Protein chains: 4
Amino acid sequence: MPGKLNSITDVPGVEVGQTTLVEGEGKLIVGVGPVRTGVTAIFPLGKERANTRAPAAVFSFNGNGEMTGAEWVEESGFLEGPVVLTNTHSVGVVRDAVIEWGQKRFPGTENYSLPVVGETWDGELNDINGFHVKKEDVFSALDQAAGGPVPEGSTGGGTGVRAFGFKAGTGTASRVVTIGQQTYTLGVLVQANFARRDNLVVAGVPVGKEISDLQPVIHKESEKEGSILIVVATDAPLLPHQLKRIAKHAALGVARTGGVSTNSSGDLFIAFSTAAPAPAGIREQWTTLTNDALDPLFAATPQATEEAIINSLVAAKTVSGINNNTFYALPHDRLREILGKYNRLQRN
Amino acid sequence: MPGKLNSITDVPGVEVGQTTLVEGEGKLIVGVGPVRTGVTAIFPLGKERANTRAPAAVFSFNGNGEMTGAEWVEESGFLEGPVVLTNTHSVGVVRDAVIEWGQKRFPGTENYSLPVVGETWDGELNDINGFHVKKEDVFSALDQAAGGPVPEGSTGGGTGVRAFGFKAGTGTASRVVTIGQQTYTLGVLVQANFARRDNLVVAGVPVGKEISDLQPVIHKESEKEGSILIVVATDAPLLPHQLKRIAKHAALGVARTGGVSTNSSGDLFIAFSTAAPAPAGIREQWTTLTNDALDPLFAATPQATEEAIINSLVAAKTVSGINNNTFYALPHDRLREILGKYNRLQRN
Amino acid sequence: MPGKLNSITDVPGVEVGQTTLVEGEGKLIVGVGPVRTGVTAIFPLGKERANTRAPAAVFSFNGNGEMTGAEWVEESGFLEGPVVLTNTHSVGVVRDAVIEWGQKRFPGTENYSLPVVGETWDGELNDINGFHVKKEDVFSALDQAAGGPVPEGSTGGGTGVRAFGFKAGTGTASRVVTIGQQTYTLGVLVQANFARRDNLVVAGVPVGKEISDLQPVIHKESEKEGSILIVVATDAPLLPHQLKRIAKHAALGVARTGGVSTNSSGDLFIAFSTAAPAPAGIREQWTTLTNDALDPLFAATPQATEEAIINSLVAAKTVSGINNNTFYALPHDRLREILGKYNRLQRN
Amino acid sequence: MPGKLNSITDVPGVEVGQTTLVEGEGKLIVGVGPVRTGVTAIFPLGKERANTRAPAAVFSFNGNGEMTGAEWVEESGFLEGPVVLTNTHSVGVVRDAVIEWGQKRFPGTENYSLPVVGETWDGELNDINGFHVKKEDVFSALDQAAGGPVPEGSTGGGTGVRAFGFKAGTGTASRVVTIGQQTYTLGVLVQANFARRDNLVVAGVPVGKEISDLQPVIHKESEKEGSILIVVATDAPLLPHQLKRIAKHAALGVARTGGVSTNSSGDLFIAFSTAAPAPAGIREQWTTLTNDALDPLFAATPQATEEAIINSLVAAKTVSGINNNTFYALPHDRLREILGKYNRLQRN
């Protein structure tokens, strides 16, 4: 069962802020545009508690991508500050800007020197070598972070990306699970920029093979195929090594959409828990779920991941960018029709 | 496109040998039976060349299982000797027997001290605490190894296992891919012992939810849910770190069958290439595929894995074991009917 | 500061049991002898509480060795049952015997299917292909486990091993550290079977280069150079990912003795905490040290490791084995003299 | 035996370029100074061949640090472009600048989107929150890269760093080894910013404990203790998984200097080979050393690492920075005297 908003923000405390940069049309002039890019920031415990560390883990299913800060998450078991997503060539400016923001918000903090910043390639629609993301754009995404609905599709770091030969971008979904007598929420946010048309599977149905038209208009061969970033949040109390298991399970959700993680795909996942341990001097107190109790979360992770990916497609409108390269929106009516053809309008 | 036999033995050189132990009926008497277990041995380059190392890598998607020898495969980049699969409580006897066999076949060899032996739990049908696998059973599987068709279902190490609440066991499949002008074969063998009924998806269709009867008869709660072992073989010339990428992709095949890798699942994968480097004194000569050329293999791996799992179900007959515990065969006619209901008899 | 016994058993709860097999002299007859081998068992919480899981982690510095059960320790974050050490070709029999022992001691347990068994090669002194370790030898080591002093040198799994061209074997040491107002003990047990003579460094002094005589008498070239197994125990309350950090630090202790981890070395380490979390239904309660508080343990680990290795040498007597192969004891008087020459009798 | 220059540039092809930023004195004014920082760039095959990929691997001994690009090195087995070292808060600007430089030098390249940039913390001497490294400083380091002697001590990325309570910085060393009939060079460059005074060991001698004066003058408690970055280069032809083994061995060199890798230490290592495979369409041809042949390189790695660290101390002069914080140079005369006291002036 999805949460109230079917969004990562269903996990209490999680806040998301996005900066969407859209400027110019037509021919690419490096440094001028057109610009189709942005920044997505996810705070585990909200921006007011952005100096509290959240238990976390990372997993690289296919490492043709960047996620700064990953070594320290792996080593320490904690995420310090937000997770921020942007385009491949803007990871640096975003990373340094998160440090600067952190130093201002939390003077003297030790938690903002190794920020987590991930990326996907948007160079088919965006003037990626123009380096259009500026530190103010990062501050803006961070400062705007809030709970509530997350705009999906061509928003934030997902502004200029595509998946399965359709326009895609930011997508989110959530699941509510019951473990013992307790209810927990697991939410996923993806920046989906991967896979070819004929890979696309929706609810088990080979949608990509059924829609052979509406192919992207690309005036120059793509340099990189793309990637998928997956952020998993939960309020279930988990230890870092358990969160690594959760992060791994996101790969199963990618598989359900037909993705096969090609060589050029940067498939990097991060999972965090909002149930931070209680500090007690040099000690921390944790109340965590046993390994035996994790199965509902293992099942929810691919479900929410699959749906977040599909949502990124469903939410996106057709977009043209540099050199009038164009990715079309997944047509809703035809999707519905194809699901019907395969008797999947009511999905089991 | 599958290979000629749709089997791991389509990869030239690969040989498989199995010992199937079936004895007794009815009430469990530990040390007496009933016995439903066995041994499966896979030689990358055939048993005559079983002292030649094959480039290899392992990947643990969920490590609730054993694969001895994995540390040395990871460190050295090579598989020495065969991969052998059995039940959880017989890994030890099998491991030591492989050493003994190797020392006899290849006196003075340095390649048989750290054998690769994996396991799944068959304690629902088999007297697993009776330790019925003996070293002679291992020798027998090794000595019988041959090319050609591989008996599937309740055979070898898969004799007593089940998946999706049906009888399962050993399954295999293969794919032929073209890279450049060259044709390569990738074959998969699984020992499938995982997942619950309602997980089962075939060709995107929720078959498990459609067949709610034919549930297993178990007179005592299962102690462990089970696992899936996946062995990927290819004649494509690959480096060890590339084979690790291949091994990882097997997880996507599990996902396509609906598996979600529960806490109790030991999902351990190994991939090897039969294109061993040419020795040249203290040097080795390799001709390998570039990373950019790997995508057809990345796509073939989940395809062959998915099909090998389904084949393990389709091949298995209904089996009763200890205490008359029974797992039913997946009914072929109903599978066909359900695929038809979802318009998937001709799969895209 | 070392603990009371300068032993892994200084960590409250830890119990060690050893079976030492010494039989025959002279010419090697495979299957007959001479026999110089054994089994060492370490219970984190004592053999009476051997069904309680201890938080744990493994680290492979150089994986030319076997440690069964490692994948499940890594995945679950727990050590189930004892850590057992033996020779390379007896890992299997030991592993299956631990399962059998566990099933008898704790009927119906789910904690004994994936035992942790490590090995080093003792084939220069022992008839390793004679497979002389029997399951009764394993039961004996397990049943004898106790606190108190641990016999070092040619004992247990270390009976037939050597290091730095001297006889070595089992060694142990401990350190007591203060963190906050609390005192914790960290103990190390090694099975030391590695490195060449000229590597040996004691207290920073090149002892190996100073003692060029007393070289081993080996009538056939060694087949494998050897390995070092390191078991780190502590009563400091740590999470699994923190124990992985501890395990890694053991490598620094190896370096201080001059070891360089050659290709043929299986350098596998496991660290566990005796501070198991309190079970609470589907939850567990942990009180753990913060990452910032770990430095005294990071410093103690290489110290205790270094000393345990040196202790394995100092305790061992000269031993002859198969074919009258002989490894000499490190001569105490010359060690003392050399330390004096380098002004290190009072070590800083 | 060291190479001709005892430097990483003894490895044929390797080029190093540094930008050293030193400006202002006295009180810290964030954004103004004082500035004590810089950039160090290492090209495996020289800057003219900076678009050819070099086989490579990374290893994190203690991940309290950043090395961007690490996931792709791990996945692909190659280093694309240079390795660049700087301060913690400038990783972002450096990373994006490397991309920009690569796009200009090699238009349309696919090799410059995931640059490798590492860092250590220099905030005790440098206005690290002033973000003084600009992209032009990066271009300058890249453009100046050359073979020949590498300025050590307070240079490049090591300008503002310290180790063992002394001024340290950039250090380098090399070893020439013979394998078969062939001679290979292995070179190490470190950016050393770690450990406390009493850790310091030189040639086995407890130098740090012997020099208790000349303690750093710090007017505010350090925020982070520091880190050590290690870059290992060799012309030995190695596969990526073999280079990972080399990278791991660098940890043994750290241990020999007395370092214990504290919680706040970012100990990230990268190893690459200049023997890139020969491209052949979709294939690559490699001639590599067997695993059995690697021991001389395993021994050389800790040797060169140890010496590079000591060289970073020996080369550095006393430096004052922000708020007149001061780190003193290791006094050469006293070092010599102490080595004599322990009879280590002629080191064995």
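These numbers were taken from a predicted model, which means no experiment stands behind them. Sequence order as written defines residue numbering, which begins from 1 separately in each chain. Here every chain gets a letter starting at A, and every ligand a number starting at 1, in the order they are written. Thresholds applied to this predicted model are a pLDDT of at least 70 for local features of residues and 80 or more for the giving and counting of side-chain atom pairs; totals over whole chains, interfaces and linings are not thresholded and use all residues. The side-chain figures draw on all heavy atoms in the structure; neither hydrogens nor water molecules are used.

Q: Sorry, what's going on with the relation of the copies chain A and chain B here?
A: One copy of the chain maps onto the other through a rotation about an axis followed by a shift along the same axis. In superposing the copies, a least-squares fit is computed on C-alpha atoms, taking residues whose pLDDT is at least 70 in both. Of the transformation superimposing chain A on chain B, the axial component is 0.0 Å and the angular component is 180°, with the fit at an RMSD of 0.0 Å. This pairing of chains is accounted for by a two-fold axis. Minimal C-alpha separation from the rotation axis in chain A is found for Gly204(A), amounting to 1.9 Å. Throughout, a contact is declared for two residues whenever any of their heavy atoms are within 4.5 Å. When you check the interface residues of chain A against chain B, 100% turn up at the interface there too, and the contact is symmetric in its surfaces.

Q: What is the right way to read the interface of chain A and chain B from this model?
A: How big an interface is tends to be expressed through the accessible area that disappears when the partners come together. Chain A puts 33 residues into the contact, and the matching count from chain B is 33 residues. In this description, buried area is defined as the sum, over both parts, of the accessible area (probe of 1.4 Å) that is lost when the two are combined. Taken together, the two surfaces of chain A and chain B that pack against each other cover about 2800 Å², and 51% of this comes from carbon and sulfur. We define a salt bridge as a side-chain nitrogen of Lys or Arg found within 4 Å of a carboxyl oxygen belonging to Asp or Glu. On inspection of chain A and its partner chain B, the count reaches 0 salt bridges. Polar contact is defined as a pair of N or O atoms within 3.5 Å, subject to the rule that within protein one atom must be able to donate a hydrogen and the other to accept it, and that residues adjacent in sequence are counted only when both atoms are side-chain atoms. Across the chain A-chain B interface, the total number found is 18 residue pairs in polar contact (both at pLDDT 80 or more). Numbering goes from the N terminus for both helices and strands, where a helix is a DSSP run of H or I of at least four residues and a strand is a run of E of at least two. When contributions to the side of chain A that touches chain B are tallied by element, the ones reaching two or more residues are strand S3 (54–63), helix H4 (207–210), helix H5 (240–256) and helix H6 (295–315) of chain A. At 7 residues, H5(A) tops the list of elements feeding residues into the side of chain A that touches chain B. Its residues assigned to classes, the side of chain A that touches chain B shows 12 nonpolar, 12 polar and 9 charged. Asp, Glu, Lys and Arg are counted as charged, while Ala, Val, Leu, Ile, Met, Phe, Trp, Tyr, Cys and Pro are counted as nonpolar; the rest, among them Gly, fall into the polar class.

Q: How do you make sense of the interface of chain A and chain D when you look at a structure like this?
A: Listed by partner, the interface residues are 36 residues for chain A and 37 residues for chain D. Between chain A and chain D the total buried area reaches about 2900 Å² when both faces are included, carbon and sulfur atoms providing 50% of it. When the buried area of chain A at its contact with chain D is split by residue, Glu66(A), Glu71(A) and Leu114(A) rank highest and sum to 17% of it. Here chain A and chain D share 0 salt bridges between them. Connecting chain A to chain D are 14 residue pairs in polar contact (both at pLDDT 80 or more). Taken together, the elements giving at least two residues each to the side of chain A that touches chain D come down to S3, helix H1 (70–76) and helix H2 (91–105) of chain A.

Q: Can you help me understand the packing of H2(A) against helix H2 (residues 91–105) of chain D in this one?
A: Geometry of a packed helix pair, given as the angle between the helix axes and the separation of the axes. Axes, fitted as lines to C-alpha atoms, cover a helix only where it is in contact. Angles between the N-to-C directions of the axes lie from 0 to 180 degrees. Where H2(A) contacts H2(D), the axes come no closer than 7 Å and their chain directions differ by 170°. Judged by the inter-axis angle, H2(A) sits roughly antiparallel to H2(D). In contact with Val91(A), Gly92(A), Val93(A), Arg95(A) and Asp96(A) of H2(A), H2(D) contributes Val91(D), Gly92(D), Val93(D), Arg95(D) and Asp96(D). Of the residues in the contact of H2(A) with H2(D), the class split is 4 nonpolar, 2 polar and 4 charged. By definition in this entry, angles of less than 35 degrees are roughly parallel, angles greater than 145 are roughly antiparallel, angles of 65 to 115 are roughly perpendicular, and the rest are oblique.

Q: Looking at this structure, how should I read the packing of aromatic side chains?
A: When we look at a pair of aromatic rings, we describe it by the centre distance and by the angle of the planes. In this scheme Phe, Tyr and Trp rings, the latter by its six-membered ring, pair at centre separations within 6.5 Å, and the angle between planes marks the pair as stacked below 30 degrees, edge-to-face above 60, and tilted otherwise. Taken as a whole, this structure holds 34 aromatic pairs over all chains when the rule is applied. When the ring of Phe59(C) is compared with that of Phe269(C), the centres are 6.3 Å apart and the planes differ by 50°; the resulting orientation is tilted. Highlighted residues: Phe59(C) in strand S3 (residues 54–63) and Phe269(C) in strand S12 (residues 266–273), separated in sequence by 210 residues. Put simply, a charge is over a ring when the Lys NZ or the Arg CZ is close to the ring centre, within 6 Å, and near the line of the ring normal, within 35 degrees. Positioned above the aromatic ring of Phe78(A) is the side chain of Arg53(A), whose terminal nitrogen or guanidinium carbon lies 3.9 Å from the ring centre.

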